[in-house]
Amino acid sequence: MTGIIKTWIKCPIGGSCLKGTHHHTGKGLTPGAVLALRRAGSLRLRGPSRLRQSPRPPSDLGWELSNPELKAARCRRRQPASRKERACDAGAMTPSPAKHRAKMDDIVVVAQGSQASRNVSNDPDVIKLQEIPTFQPLLKGLLSGQTSPTNAKLEKLDSQQVLQLCLRYQDHLHQCAEAVAFDQNALVKRIKEMDLSVETLFSFMQERQKRYAKYAEQIQKVNEMSAILRRIQMGIDQTVPLMERLNSLLPEGERLEPFSMKPDREPQL
Amino acid sequence: MATGTPDSQARFGQSVKGLLTEKVNACGTDVIALTKQVLKGSRSSELLGQAARNMVLQEDAILHSEDSLRKMAIITTHLQYHVEQSSDLQDQLNHLLK
């Protein structure tokens, strides 16, 4: 009768287990129990873990410790930033019971977090922040607080340069005003000259108009005289035949000479 | 800075906006004073005022010239009329003397 000798040992969390294995099914393991089991030796859990979840995002998928070397390697892989992990790195197997809650080994990952958009250079908001140029505030004295050199040096202009600028501008204005005044005075002179020439021309034209008015008047007189003469001629032309008839009716002894208007004969009375 | 205006760091109880406003007002006043001084120094207003006064004195001459020119225009029309008349009369006289 040969049988397998099974060595039973007392389990740290209560009950008895076979040596080398700790099978606890149907029991909820507290982290304290887990720590005790780990201290005792290898620990393997099967089935869904019912341990409390650690607030830190764990990087491992599972929660399996079968080898202290693996456990040490896992501790080295993780970021050795916190005190608790340093304790893990040092290989100290005796953290205080108050801190066992914070051990990385206790962390159970429920869902893998997405890390891709959390990188620094990929974030569009961060890129926009970095693209903002550097600028100074308006009142530079307020930037540094209460220091006196900033009060005097950062807000004043160079007096000599400003003086040069103002003098140059003043000179420019003076020259412009001089040019305008010069042109204006030239215009005034031209106006005076124009006025004189217009006056002389006007006087010439007035003289000529008076002369031509006299000539026109004389010509008008001549015209009238010629009209009068024509009328006279017509009258005489009408009257002379009548006079001839009258003369012919008179007796021979009293007939007058034939009428003529020639001036070289004496007028017949 | 003048003692009348508060120092930009002396009274930080005032808001930054108030300090900025005061600073802007002070700068504006200074610029205005500077510009007035520059204009006064360049004597541009005096020169231009003198030129304008001379121009105003010539207004009378300008009006007189305008009047004379109008009269001349009338005289030219009269003369044209005379010329026409005299040419007609000349034709008539030639005809009479034939």
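Above: the structure in question.
Residue indices begin from 1 for each chain and proceed along its sequence in written order. The lettering of chains begins at A and the numbering of ligands begins at 1, in the order of writing. At least 70 in pLDDT is required for a residue's local features to be given in this predicted model, at least 80 for side-chain atom pairs to be given and counted, and no such filter applies to totals for whole chains, interfaces and linings, which use all residues. Side-chain metrics rest on all non-hydrogen atoms present in the structure, leaving aside hydrogens and water.

Colleague: Please explain the interface of chain A and chain B as it appears in this structure.
Modeller: One widely used convention gives an interface's size as the accessible area the parts lose upon coming together. Throughout, a contact is declared for two residues whenever any of their heavy atoms are within 4.5 Å. Listed as interface residues are 42 residues of chain A and, on the opposing side, 42 residues of chain B. A simple way to read buried area is as the amount of 1.4 Å-probe accessible surface that goes missing from two parts once joined, with both sides added. The junction of chain A with chain B conceals about 3700 Å² of combined surface from both sides, 73% of it contributed by carbon and sulfur atoms. Any Lys or Arg side-chain nitrogen found within 4 Å of a carboxyl oxygen on Asp or Glu counts as a salt bridge. Taken together, the connections running from chain A to chain B amount to zero salt bridges. Distance and chemistry together define a polar contact, namely a pair of N or O atoms within 3.5 Å, with one atom able to donate a hydrogen and the other to accept it when in protein, and with adjacent residues in sequence counting only for side-chain atoms on both sides. Linking chain A with chain B are four residue pairs in polar contact (both at pLDDT 80 or more), by the criterion used here. Every helix listed is a DSSP run of H or I at least four residues long, and every strand listed is a run of E at least two residues long, numbered separately from the N terminus. At 32 residues, the largest contribution of residues to the side of chain A that touches chain B is made by helix H7 (residues 159-249) of chain A.

Colleague: Where do I start with the nonpolar core in this structure?
Modeller: If you look at soluble globular proteins, the nonpolar side chains tend to sit buried side by side. Only buried Ala, Val, Leu, Ile, Met, Phe, Trp, Tyr and Cys residues count toward a nonpolar core, and they belong to the same one when joined by side-chain atoms within 4.5 Å. Each residue gets one of three labels from its accessible area relative to the maximum for its type: buried under 20%, exposed over 50%, partly exposed in between, using a 1.4 Å probe on protein chains only. If you look at the biggest cluster of nonpolar residues, it comprises five residues: Phe 202 and Met 205 of chain A together with Met 72, Ile 75 and Leu 79 of chain B. Contributing elements (two or more residues each) for this core: H7 of chain A together with helix H3 (59-97) of chain B. Apart from the residues lying within four places of it in its own chain, the contact partners of Phe 202 of chain A are Ser 68, Lys 71, Met 72 and Ile 75 of chain B.

Colleague: Please clarify how the side chain of Ser 65 of chain B should be interpreted in this entry.
Modeller: Residue position: Ser 65 of chain B is located in helix H3. Ser 65 of chain B gets classed as buried once you look at its relative accessible area, which sits at 10%. Apart from the residues within four sequence positions on either side, Ser 65 of chain B is in contact with Asp 195 and Val 198 of chain A.

Colleague: Explain the pattern of salt bridges to me, please; I cannot follow it from the model alone.
Modeller: Charged atoms that come close allow side chains of opposite charge to pair. Residue and element names in this part refer to chain A. Taken as a whole and judged by the stated rule, the model has three salt bridges over all chains. Taking the shortest distance from any N to any O, the salt bridge between Glu 193 and Arg 190 comes out at 3.0 Å. Of this pair, Glu 193 and Arg 190 both sit in helix H7, separated by three residues, roughly a single helical turn. Owing to a relative accessible area of 43%, Glu 193 belongs among the partly exposed residues under this scheme.

Colleague: How should unusual backbone geometry be read in this particular structure?
Modeller: Negative phi values dominate among residues other than glycine, just as trans dominates among peptide bonds. Within the chain, Arg 43 of chain B stands out as a residue other than glycine whose phi angle is a positive 60 degrees. Position of Arg 43 of chain B among the secondary structure elements: in the loop between helix H1 (16-42) and helix H2 (44-57).

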